[in-house]
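Report on the structure
One letter stands for each residue in the lines below.
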Amino acid sequence: MTVQRARSIDDLYAEVADYDLVLTTDAPLSLALNRRIDRPHLGRFAATPRMLASGEFRPRDDRSLFLELIRETDLSWKHAAYLLENILGCWEETGELHAILEYEQFDTPAAREALAVIEETDSAHRDLAAHTVDDGTDVAVVGEDQFTALDKQVLPQDYDTVSPFTDGAFDLPDFHMFDSTTAIVETLVDNVSAETADDVAVIMDRGGEYPALVESAFEATEIPFYGGPGFADDDNVRTFLRLLRTAHAASGVRVADVRPILSRLGMPLHVTHDEKRLAELDHPDVAPVQQFCETVGEQTFGEALATFEEWCDASLDAFREELSRLGICDERVSAASLDDLGFYLDSFDVPVDRDDAGVLLADATAAAYVDRPVVFYLGMDVDWTHHVLDRPWIDAEAKDRQYLRQFQLLLQNGVDQYFLVQETSAGSEVTPCLYFHDLLDEEFDTFGDLPHVPHTRQVRYDDPGFEKGTVDADPTTIETVSQSSLSTFVNCPRDYFFDRIVDNPNRDYFRKGNLYHDFAEFCVNHPDVIETADRETLVDVLLEEMKPYVDDVELETLATEFEVGIEIIRDFLEENPPTEQTYDGYDRQEPDNFFADHFDRPIESSVTERWFENPDLGGKGKVDLIHAPTRLLDYKSGSRKSASKVVSQSDIEEISDEPNFQALLYLTHHRRVQPDERLEFVFFHFLDLLDDAVTGDPDVEDALVRVNYHPVPFAEYAGRREAFDALTEGVAESNNRRKTLERMGHDAYATFFERHEFPDTTDSDEVLDSEFATRFTDRAIGEVGDHKYVDRGTDSALKKLCRIRSRNYFVDDVDAFETFLDDQLDRINECHRSRFPVGDPNFDRVTHRDLIRHD
């Protein structure tokens, strides 16, 4: 990869050393040439035209002119900035201040008003327009084609031009290809030290992801740098502005949205509050912030800043001075004025005092020269391409050529250049800077198509990392696991691990679900209290509890849901009261019930919210309601699932993408409490009746999903009278299946199943294609006769048996689950002694996705 060779700064100095004055549009180049003066020199040696005319170091007058415009005119801030940008841009390209009025769209009263102010205000642009170099001065101009028409007005009649390029070729170094931005930053830090910092420059896109990472990494390793964060990047300034925006935001702002602000102010909250609305949060630590947000419109910027300084124990004098310059320090904090302030800080660079020592951080689109022997180039993607404004006074092609030359010079800075790039980022290909296509002959789409050196992430065993001490402790042996933890573990062991060590925020649907559960439990314990309680008051109490989680606009809908939901639960329990008795194998954890606290009544029922922890089994859990000795009931506020879906999600042979072992685990435990009995687990999806309850008379059976446990193997169950009756009931007498089986008779049916074992599958196609199906049909024909309906009837019977098997648990299923549970506990404890693998999870079901690295 070759490009036209650029002259080094030393070569350029040798070329221009004997001149009285050297002019260039690149401020860093002028400073570098000045640093190389090796003889006495009177006056300025190297400068940009604007520096020469104004006598200032790197003059920037757009900000001062903007301040004058908003002080002297009634223009809005955005309009003033827009006019200023275009007036100065046209002035630079044409050399005439009033040339912009030649363009119809800019010949407006507002533009003329702005021109009048700019013409009367001291500025580097005005100085440049009025300044000329004496004709007797020996002047060298470096890179004349980079000069604008306004720059050229300063030139004398006679001057010499010096090209920044030679006729030779320059071999660009190979690209160094990394997997991530983090790997690039780590490589940079590994190759820079505090001792070598003054010899290093880092060039990157100022608006990209690299600056913050590089600055943070240098701070962490105590490597000095400059040229990085600007005035508006100060942590306290950013936090103050975010606080003001939060105060003006809608009431739906969540704690998670403002956590960085609260942490900066020394008001950290537990992560469980993250999903709550800040305005509705009842917590003493944030009361001052809530009061601040409520009254922000009555405060001035100065008053708000004083409060903020007191909270964070910091002085923001420079920011207060800038507010005064803008004329808003004593202005009320309105949403409009806050937008103006944010726009100003985003649009204009406010000067900051800094030490010019350490690694130089340079913007890829700001200048062509950095005077350092070692230069790192980070990213080099499409964002390094200059944006040419679409303005009638701009020659886009000429401007593109200028930027291309600037880029070509930029690539050749220093003695050693290192191009650190990525081929892909976040799964997408990284597009190289478009100027590479103009400079290189190769055809390419990504950096991988160009000469490069691949780098893979290396584990650094010599890095001590965080301070740590030796811990001499054996891991705790896990004896029981809940159904949710089991589901998490089989999907992703590492997610299970993070579930145990990382707190998660309380969610609105969790809190709402808990309120419904508490209501149902209280209904069982105190039906008389609920019967006499005012429904509207109950709903208001529930809404008040949910206010921190939901927006105000949702409260009306939620009120209807609560009104209907609690009524459905109450009606169900009134019509289907549970059987009160004590059950061995169940206890009650510390009572915690919202309604018990509200009504100041105890929870004493032996069948509600019953806890079991069974080390022999290896499982634990909480049963919402032991409805009857052989029936467990669980309240669900989510959408209804079929019994077959419940069973399939608990399959231990082919783990589901959405594993859920609740019904299977609870029935496995309960069969030890009620051995040798047919058991039932009922999911009560009470909110599924919401629409029916609003429009008519709901049928509670539509909300119940029943999953049964049969204390026999399925192969034995299939031949029993219970199965035979299930196949013949609920259909017309003319149904092929019913006709076939009734004429065949249960005795012949049972005899066949005693002699032939049902295939070990729930796939009806596999069953119908089996030898078992053929023999069953033959037996039916032998008993009933060779009729067409017999063929169809036996097929229908076998399909029905497959459906029964897919919707119920049998003793062989539960026995296999107990073995599976033992195996998973062994795996969990083995992971505790080693590490938790990621596995091959369904990431849609992973809670801690951001914490889990996977390749």
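Throughout what follows, the structure given in this document is the object of discussion. On a predicted model such as this, the values are computed, not experimentally measured, just so you know.

**Details of the pairing of strand β4 (residues 139-142)**
On a regular strand, one side chain projects to one face of the sheet and the next to the other, so that they alternate. Here β4 shows two buried faces, one formed by V139 and V141 and the other by A140 and V142. Two strands pair when backbone bridges link them, and strand β2 (residues 21-23) and β4 are joined in this way by 3 bridges, in the parallel orientation. Bridging from a neighbouring strand, L21 pairs with V139 of β4. Pairing analysis gives 3 bridges linking β4 to strand β5 (residues 160-162), with the strands arranged parallel. By the bridge assignment for β5, V142 is matched with V162.

**Let's talk about the pattern of salt bridges**
Evaluated as defined, the whole model comprises 45 salt bridges. Measuring nitrogen to oxygen at the nearest pair gives 3.1 Å for the salt bridge that ties D371 to R35. Of the two residues, D371 sits in the loop between β10 (359-363) and β11 (374-378) while R35 sits in helix α2 (residues 27-35), which places them 336 residues apart along the sequence. Exposure remark for D371: the relative accessible area of 24% places this residue in the partly exposed category.

**A short note on helix α6 (residues 109-120)**
Here α6 is 12 residues long and its end C-alpha atoms lie 17 Å apart, about the 16 Å a rise of 1.5 Å per residue gives. Every buried residue of α6 is accounted for by A110, A111, A114, L115, V117 and I118. Around the axis of α6, the buried residues are gathered within 165° of arc, so they sit on the same side. Of the exposed residues in α6, those oriented more than 90 degrees away from the buried face are P109 and E120. Where α6 is buried, its residues touch α4 (62-72) and α5 (77-94).

**Quick look at the pairing of strand β8 (residues 200-204)**
Most of β8 sits inside the fold, with 5 of its 5 residues counted as buried. By the alternation rule, side chains of β8 split into V200, V202 and M204 and A201 and I203, which are all buried. When β8 meets β11, the two strands line up parallel, connected through 4 bridges. Following the sheet pairing, I203 is matched in β11 by Y377. In the sheet, β8 pairs with β10 via 4 bridges, with the strands oriented parallel. Looking at β10, one finds that M204 is bridged to D363.

**Comments concerning unusual backbone geometry**
Positioned with a positive phi, M380 is a non-glycine residue whose angle comes to about 55°. Within the secondary structure layout, M380 lies in the loop between β11 and α17 (396-410). For M380, a relative accessible area of 0% puts it in the buried group. A positive phi angle is found at D676, which is not glycine, with a value near 60°. Take D676: it is sitting in the loop between α27 (662-673) and β20 (679-684). On the accessibility criterion, D676 (73% relative accessible area) is exposed.

**Section: the packing of helix α32 (residues 746-755) against helix α34 (residues 771-784)**
Remark: α32 packs on α34, axes separated minimally by 11 Å, with the N-to-C direction vectors making an angle of 150°. The angle between the axes of α32 and α34 places the two elements in the roughly antiparallel class. Seen from above, α32 lies across α34 with right-handed handedness. Within the contact between the two elements, α32 uses A748, Y749, T751, F752, F753 and R755 and α34 uses F772, R775, F776, R779 and E783. A class-by-class count of the residues in the contact of α32 with α34 yields 6 nonpolar, 1 polar and 4 charged.

**Concerning the environment of G252**
For G252, the position within the fold is in the loop between α11 (235-248) and α12 (255-264). Linking G252 and R805, residues 553 residues apart in sequence, is a C-alpha distance of 48 Å. With near-sequence residues (within four places) excluded, G252 lies in contact with R277 and D551.

**Thoughts on the sheet that holds β5**
Strand order in the open sheet made by the 4 strands is β3-β2-β4-β5, with parallel pairing throughout. Lying at the two open borders of the sheet, with one neighbouring strand each, are β3 (46-47) and β5.

**Notes on the environment of F772**
Among the structural elements, F772 can be located in helix α34. Classification of F772 by relative accessible area gives buried; the value is 7%. Discounting chain neighbours no more than four positions away, the residues touching F772 are F752, F753, H756, E757, F758, P759 and L798.

**Quick word on the sheet that holds strand β15 (residues 452-454)**
With parallel pairing, 7 strands are arranged side by side in an open sheet as β9-β10-β8-β11-β12-β7-β15. Single-partner strands in this sheet number two, and they are β9 (225-226) and β15. Along the sheet, helix α10 (residues 210-220) contacts β8, β9, β10, β11 and β12 (416-422); its crossing angle with β10, the most-contacted strand, is approximately 170°.

**Topic: the packing of aromatic side chains**
Taken as a whole, this structure holds 55 aromatic pairs when the rule is applied. Judged by centre distance (5.8 Å) and plane angle (20°), the rings of F66 and Y344 are stacked. With F66 in helix α4 and Y344 in helix α16 (residues 335-347), this residue pair connects regions lying 278 residues apart in the sequence. A single burial state applies to F66 and to Y344, both of which are buried. On the numbers, 4.5 Å between centres and 40° between planes, the contact of F572 with F684 is tilted. One end of the pair, F572, is in helix α24 (residues 552-575); the other, F684, is in strand β20, with 112 residues separating them in the sequence. Given the relative accessible area of 5%, F572 is considered buried.

**Observations regarding the side chain of T480**
Tracing the sequence through the fold places T480 in the loop between β15 and β16 (481-482). Within the structure, T480 has its side chain in polar contact with the side chain of E613 (distance 3.0 Å). The contacts of T480, once residues within four sequence positions are left out, are E613, N614, P615, G618, G619, K620 and L825.

**Regarding a negative patch on the surface**
A cluster of acidic residues, D18, D20, D134, D135, D138, D158 and D160, forms a negative patch on the protein surface. Checked against the element boundaries, D134 lands in the loop between α7 (124-130) and β4. Residue D134 is classed as exposed on the basis of its relative accessible area of 58%.

**Considerations on the side chain of S606**
With respect to the helices and strands, S606 occurs in the loop between α25 (594-599) and β17 (608-614). Look at S606 and you get buried, because its relative accessible area is 18%. Apart from the residues within four sequence positions on either side, S606 is in contact with E580, Q581, T582 and Y583.

**Some remarks on the packing of α11 against α16**
For any two helices packed against each other, one specifies the crossing angle of their axes together with the interaxial distance. Across the interface, α11 lies against α16 with an axial gap of 10 Å and an inter-helix angle of 150°. The angle between α11 and α16 falls in the class roughly antiparallel. In terms of crossing hand, the pair formed by α11 and α16 is left-handed. Side by side, α11 and α16 meet where L241, L244, R245 and H248 of the first sit next to A335, L338, D339, L341, G342 and L345 of the second.

**Notes on the environment of F231**
Looking at the element boundaries, F231 is found in the loop between β9 and α11. Here F231 falls in the buried class, since its relative accessible area comes to 10%. A sequence separation of 71 residues divides F231 from D160, and the C-alpha atoms of the two residues are 40 Å apart. Beyond its immediate sequence surroundings of up to four residues, F231 is in contact with V237, A318, F319, E322, L345, V350 and V352.

**Topic: the nonpolar core**
One recurring pattern in soluble globular proteins: nonpolar side chains tend to sit buried together. Among the nonpolar cores identified, the biggest contains 118 residues, and F66, F319, M380 and F436 are the most heavily contacted of them. Of all the elements, α5 adds the most residues to this core, at 9 residues. Sequence-distant contacts of F436, that is, excluding residues within four places in its chain, are made with F175, M380, F407, L411, F444 and F447. Counting residues in each nonpolar core, the second largest holds 83 residues, with V490, V550, V814 and F820 among its members.

Criteria and thresholds
- Residues numbered from 1 in each chain as written.
- Predicted model: local features only at pLDDT ≥ 70, side-chain atom pairs only at ≥ 80, totals over all residues.
- Heavy atoms only, no water.
- Buried < 20%, exposed > 50% of the residue type's maximum accessible area, 1.4 Å probe, protein only.
- Helix = DSSP H or I, 4+ residues; strand = E, 2+ residues; numbered from the N terminus.
- Pairing = 2+ DSSP bridges.
- Salt bridge = Lys/Arg side-chain N within 4 Å of Asp/Glu carboxyl O.
- Expected span 1.5 Å × (residues − 1).
- Arc of directions from axis to C-beta.
- Contact = heavy atoms within 4.5 Å.
- Axes fitted to C-alpha atoms, helices over the stretch in contact; angles between N-to-C directions.
- Parallel < 35°, antiparallel > 145°, perpendicular 65-115°, else oblique.
- Left-handed = near helix turned anticlockwise from the far one by under 90°.
- Nonpolar A, V, L, I, M, F, W, Y, C, P; charged D, E, K, R; others polar.
- Phe/Tyr/Trp six-rings, centres within 6.5 Å; stacked < 30°, edge-to-face > 60°.
- Polar contact = N/O pair within 3.5 Å; in protein donor to acceptor, adjacent residues only side chain to side chain.
- Patch = residues over 30% accessible without salt bridge, like charges linked within 9 Å, V, L, I, M, F, W, Y side chains within 5 Å.
- Areas by Shrake-Rupley, 256 points an atom, 1.4 Å probe, with all protein chains shown as cover.
- Lys, Arg positive; Asp, Glu negative; His and termini not counted.
- Charge placed at Lys NZ, Arg CZ, Asp CG, Glu CD.
- Core = buried A, V, L, I, M, F, W, Y, C linked by side-chain atoms within 4.5 Å.

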